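# Geometric and topological summary
The primary structure of each chain is shown beneath.
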Amino acid sequence: MDIRKIRLDEGGKVQTSEARDEYEKDYARLVQSPAFRRLQGKSQVFGAGTGDYYRTRLTHSLEVSQIARESARRLHRSYPMLQKPEHPGLMMEPEVVECAALAHDLGHPPFGHKGEEVLHRLLSKRHGMPYEGNAQNFRILMFLEKRAGSDSGLDLTAAVLLAINKYPHCLNEPGVTKGVYEMEWEGGIRRLRELWDMPKGRATLEAQLMDLCDDIAYSTHDIEDGIRAGKILMSPGFFEDDRLAELIVQEIEHDPSGPNRAWDGIDRERMTGMVKRVLAEYYEQWTTVFRETGREPSRTRREMKARWVGLFASRVGILGDGQGWKRVTFVRDGEEDMDLLRTMEILKKLAWVTLIKDFRVQRLQKRSEIMLTRLWESFADRETGKLLLPPDWVESYERQKGSWPWERLAADYIAGMTDAYAEKVYTELFASRSGSIYERD
């Protein structure tokens, strides 16, 4: 038995071609799922529908999968340990990493990180339950999504499920803010990790690569979108502004994700110097590429993105973590490239402070917060919500109400919405409008 290819609940109900590899089945189940299609209508940074150019959660996921797949292939060629694996969690199969990258953002609600923040606040303060995008991934993959012959998730292989599990913790554990809800942890993820004999708190190499490639995409592609939107100004005055450097330093210091080991031992003065150096080097590179491309901004943006993705991807490697496991990180001359890790973090924060913190984006986020809160208030009461939610959702709750409360169902329903659908339902409930009640959802 190949423990990487086992499934939690195959059931033998679906006839499939024996010629297809198990990971090919996973890929097909993912890309044909409604949850994956809905990513096209969910915000990445700019609201979905803002313009044809800007990335959505779908295009972001596709780009992460491309970077991750090619990086996995290179690593497999470069590291003999991957060709003779000593542990199922220390393997690197490109097809597995690709599937994990495609699925890594399924749990994000409408309106980007603001949507996640609002749902968590509403659930935790009023009902003592968390909402967390990574945990919602597993709720979708293991329960909410449906496929032919099954009414409980997509039933992906163990390798793909654990490659998505970049935070290998149950959210019920003390101090854990990112992980897996208890239902899915106890319903399969913990069992798979025990079967694989995974070290406590350690992710598979495939999960680590997917996570790093997500950061690579974020730190390069979102900056490209920001330049295109005019939020990141390619001028000396913008990049030399001490206020920009200060904002980036503040974001690094107060990152809600927690301490970043790349900055261990780096005091504030040195951090500020590093930020200013990276900003200066980025603008200097832009001016060089701008001349090389005939002073065409669109070509310059694409070339800058390609060069930075190429740099980051070429430095991805594997090192021991000092505790008997392996770590995927940037490697140079056989050692962890801390300078490149910090550079990537600075570029991520550049995108964050210039895009998310822009007052126009903040206004849109405030609007989305109001919409999601009022939708929640409409659905969270069970008796009222039963009249407002689609019948199949209510039937699903009645079958499963011994396992999870109504409030979790209401959060599931809102989280699955695209930006546009959330606005549509909000308009139906709270704004006067003309039209037929028989319009299809």
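Bear in mind that the values here come from a model prediction, so they are computed numbers and not experimental data. (Residues numbered from 1 in each chain as written. Predicted model: local features only at pLDDT ≥ 70, side-chain atom pairs only at ≥ 80, totals over all residues. Heavy atoms only, no water.)

### Structural notes on the sheet that holds strand β1 (residues 316-320)
To be explicit about the condition: Strand pairing is assigned whenever DSSP identifies at least 2 bridges connecting the two strands. Secondary structure elements follow DSSP: runs of H or I of four or more residues count as helices, runs of E of two or more count as strands, with numbering from the N terminus. When checking whether two residues touch, look at their non-hydrogen atoms; a contact exists if any pair is within 4.5 Å. Angles here are taken between N-to-C directions and fall from 0 to 180 degrees, while the axes themselves are lines fitted to C-alpha atoms, restricted in helices to the stretch in contact.
Reading across the sheet, the 3 strands line up as β1-β2-β3 and stay open at both edges, with antiparallel pairing between neighbours. The sheet is open, and its two edges are formed by β1 and β3 (335-336), each paired on a single side. With 5 bridges joining them, β1 and strand β2 (residues 326-332) adopt antiparallel strand pairing. Of the residues in β2, the one forming a bridge with Leu 319 is Arg 327. With respect to the sheet, helix α10 (residues 205-228) is in contact with β1 and β2, its orientation differing from that of β2 by roughly 45 degrees.

### Here's the deal with the side chain of Thr 157
Under the convention used in this document: Per-residue accessibility, obtained with a 1.4 Å probe over protein chains only, is compared with the maximum for each type, and a residue is labelled buried under 20%, exposed over 50%, and partly exposed between these values.
The residue Thr 157 is located in the loop between α7 (133-144) and α8 (158-164) in this model. Given the relative accessible area of 0%, Thr 157 is considered buried. Excluding its chain neighbours within four sequence positions, the residues that come into contact with Thr 157 are Arg 4, Lys 5, Ile 6, Arg 7, Glu 22, Tyr 23 and Asp 26.

### Overview of the pattern of salt bridges
The line we're drawing: Just to be clear on terms, a salt bridge is a Lys or Arg side-chain nitrogen sitting within 4 Å of an Asp or Glu carboxyl oxygen.
In total, this model carries 45 salt bridges according to the counting rule given. Of the charged contacts, one joins Arg 4 and Glu 206 as a salt bridge, the two residues approaching to 2.7 Å between their closest N and O atoms. Of the two residues, Arg 4 sits in the segment before α1 (22-31) while Glu 206 sits in helix α10, which places them 202 residues apart along the sequence. For the residue pair Arg 4 and Glu 206, the accessibility class agrees, reading buried in each case. The partner of Arg 243 in a salt bridge is Asp 241, with the nearest N and O atoms 2.9 Å apart. The exposure class of Arg 243 is exposed, given its relative accessible area of 63%. Assessed through its relative accessible area of 24%, Asp 241 is described here as partly exposed. Within the structure, one salt-bridge network assembled from shared partners comprises Arg 55, Glu 63, Glu 224, Asp 225 and Lys 305.

### Topic: the pairing of β2
Joining the antiparallel neighbours β1 and β2 is a turn of 5 residues, in which Gly 322 adopts a positive phi near 80 degrees. Where β2 lies against β3, 2 bridges are found, and the strand directions are antiparallel. Across the sheet, residue Val 331 finds its bridge partner in β3, namely Glu 336. Where β2 folds back on β3, the antiparallel hairpin that results is connected by 2 residues, among which Asp 333 adopts a positive phi of roughly 55 degrees.

### Regarding the packing of aromatic side chains
For clarity, the cut-off: Any two rings among Phe, Tyr and Trp, with Trp reduced to its six-membered ring, count as a pair given centres within 6.5 Å; such a pair is stacked if its planes are under 30 degrees apart, edge-to-face if over 60, and tilted if neither. To sit over a ring, a charge needs its Lys NZ or Arg CZ within 6 Å of the ring centre and within 35 degrees of the ring normal.
All chains considered together, the criterion is met by 13 aromatic pairs. Relative to Tyr 282, the ring of Phe 239 lies with its centre 6.1 Å away and its plane at 15 degrees, an arrangement referred to as stacked. Of this pair, Phe 239 sits in helix α11 (residues 236-239) while Tyr 282 sits in helix α13 (residues 268-292), placing them 43 residues apart in sequence. Comparing Phe 239 with Tyr 282, the two get one shared label, buried. Considering the side-chain rings of Phe 312 and Phe 330, the 5.5 Å spacing of their centres and the 15 degrees angle between planes classify their relative orientation as stacked. On the criterion of sequence distance, the pair formed by Phe 312 in helix α14 (residues 297-314) and Phe 330 in strand β2 is long-range, its members being 18 residues apart. When sorted by exposure, Phe 312 lands in the same class as Phe 330, which is buried. Ring pairing ties together the aromatic residues Phe 238, Phe 239, Tyr 282, Tyr 283, Trp 308, Phe 312 and Phe 330, which thus form one cluster. Its end group placed over the ring of Phe 143, Lys 146 keeps NZ or CZ at 5.7 Å from the ring centre.

### Considering the environment of Val 278
Looking at the secondary structure, you find Val 278 in helix α13. On the accessibility criterion, Val 278 (4% relative accessible area) is buried. Taking C-alpha positions, Val 278 is 25 Å from Ala 68, a pair spaced 210 residues apart along the chain. Look past the residues within four positions of Val 278 in its chain and what remains in contact with it is Thr 343, Ile 346 and Leu 347.

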